[in-house]
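Understanding the architecture of this molecule
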Amino acid sequence: MTDTQQTGRLYGVGLGPGDPSLVTVRAAELIGKADVVAYHSARHGRSIARSIAERYLTDGQIEEKLVYPLTVETTDHPGGYRGALDDFYEEAADRLAAHLDAGRSVVVLAEGDPLFYGSYQHMHKRLAHRYPTEVVPGVTSVSAAAARLGQPLTEAEETLTVIPGTLPEEELTARIASADSAVIMKLGRTFPTVRRALERAGRLADAQYVERAFMAGERTGPLADVDAGTVPYFSVAVLPSKVAPLERPAPPAEGPGSVTVIGTGPAGPLWLTPEARGALAAATDLVGYTTYLDRVPARPGQQRHGSDNKVESERAEFALDLARRGHHVAVVSSGDPGVFAMATAVLEVACEDAYRDVPVRIVPGMTAAHAAASRAGAPLGHDYAVVSLSDRLKPWEVVAKRLRAAAEADLVLALYNPGSQSRTTQVGLARDLLLEYRAPGTPVVMARDVGGPTERVRTVRLADLDPAEVDMRTILLIGSSQTRAVERGNGTQVVWTPRRYPEA
């Protein structure tokens, strides 16, 4: 090629889901004008992309069939499956580059959209920086499936998650559980795993199945009814929008619903586990302390029942009564629900005769102690004890006895509920008691509103712990004799407790 000769232009052309009439006008024009039309196929030689584009092809065009050396079978290639494919993509790109260098325009056909799980993207990564390139979008299988189902994918503030069915089952389950709406691609051989993941995530009843949308042999219906042996690669699972349809939703079914006590972590959505997200999304009713309910995004169709922080037993009974009437209730708790939180209150009421048949499940969350420790370093790196300084539910004499025992055992202490407007003496009493066993310089991590907008984490000496700086949103981590507070080279301080304890 001379310096003055222009190269050809590369086009990645999306063909849509299968019906040739869904090919865009721009795509049809480019296919008809191209000097070279390239398309991928398996070793059997048949190309779905070419069959969709066939009506737009013209006489005299060069066709480049890019035949995969393998699909799912094993290979003796030294680089394994991925190495064999990489070599194939390099060879295919070289073939197309030869046409482009000769000044020919090259259209690479792609089912759906060229840059959405498409084979074209491998050509694009290897050629687009070398040649003038245009990508023509196409209707994706996601949009086609929703259209065939006649159900919205997302509405209002819902998010859509697209998941490849080739993920491991545990990962599939976690992503499905945390999704509002979802489309799971690449079924075929993965269908049994996907079905199990949907069932484990509690979403199987919502899942719809779409096979060959806008193609011959199209099939749709509830995914739970599909025979795994009949599922091809060109099929998807859809979890549509959860926003209620225009008609009034059916009342809860007679008989027990369920109660799930959910730990939301110490602050906002970043601390939620996928399991907790899924359980919150599946609930018909949310019950909890109003401050904690406000951290949970509102969802259409869900009822929210907020209450004061000091009515835990009443809140638990209310949730269980809703469940007896067929509601699926999420009781929202900060941190972990089993650590000074709502799980005990719910289980205490649930063990009464009137509620023994109501299913109750506990979903864990990130604890305040662990969140605070992560901000400081690793102060809980060895044995530690967790104690609530509140004497509202137990006498101070019991609190002091437990503090003394932990101090004598040289345990790191995580102190919850250290103080409030009505409890102002406990922090000072605990400090003075611990100073009988710990050195004045023992590191104390003071962590307030971890993960929240007013987060403040700092380390002070035990002797300098000021009760006036502690409130109910603060957690205290008090080191053992082995805990270290170390200044590092970048000007930050880390607090850590060695895992190895010195021999006596």
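Residues numbered from 1 in each chain as written. Predicted model: local features only at pLDDT ≥ 70, side-chain atom pairs only at ≥ 80, totals over all residues. Heavy atoms only, no water.

1. Here's the deal with unusual backbone geometry
For clarity, the threshold we go by: A run of H or I in DSSP becomes a helix once it reaches four residues, and a run of E becomes a strand once it reaches two; helices and strands are each numbered from the N terminus.
The backbone of phenylalanine 214 shows a phi angle near 65°, a positive value even though the residue is not glycine. Secondary-structure assignment places phenylalanine 214 in the loop between strand E8 (208-211) and strand E9 (219-222). In this model, aspartate 449 sits at a positive phi of 55°, which is unusual for a non-glycine residue. One can find aspartate 449 in the loop between strand E19 (443-448) and strand E20 (456-461).

2. Section: the pairing of strand E21 (residues 474-478)
Cut-off, in case you're wondering: Only protein chains enter the calculation, and the probe is 1.4 Å; a residue is then buried if its accessible area is under 20% of its type maximum, exposed if over 50%, and partly exposed in between. The pairing criterion for strands is at least two bridges between them, as found by DSSP.
For E21, a buried count of five out of five residues is recorded, marking the element as mostly surrounded by other parts of the structure. Across the two faces of E21 the burial is the same, with Thr474, Leu476 and Ile478 and Ile475 and Leu477 all buried. Judged from the three bridges that link them, strand E18 (residues 412-416) and E21 form a sheet pairing that is antiparallel. Its bridge partner lying in E21, leucine 415 is registered against leucine 476. Here five bridges tie E19 to E21, and the two strands are oriented antiparallel to one another. The residue bridging arginine 448 from the neighbouring strand is threonine 474, located in E21.

3. What about helix H11 (residues 342-350)?
Definition in use: What the arc describes is the spread of directions from the helix axis to the C-beta atoms.
Taken together, the buried positions of H11 are Met342, Ala343, Ala345, Val346, Val349 and Ala350. Down the axis of H11, the smallest arc covering the buried residues is 165°, so these residues share one side. For H11, the exposed residues set more than 90 degrees away from the buried face come down to Thr344 and Glu348.

4. As for helix H13 (residues 396-408)
Using the following cut-off: Working rule for helices: expected span equals 1.5 Å times residues minus one. Whether two residues touch is decided by their heavy atoms; if any such pair falls within 4.5 Å, the residues are in contact.
For H13, with 13 residues, the first-to-last C-alpha span of 18 Å sits near the 18 Å given by 1.5 Å per residue. Residues Trp396, Val399, Ala400, Leu403, Ala406 and Ala407 constitute the buried set of H13. Buried residues in H13, looked at end-on, bunch into an arc of 130°, giving them a common side. Opposite the buried face of H13, by more than 90 degrees, sit the exposed residues Glu397, Lys401 and Glu408. If you follow the buried residues of H13, they end up packed against strand E17 (384-388), E18 and helix H14 (426-434). One or two steps after H13, the chain reaches aspartate 410, where phi turns positive at roughly 60°.

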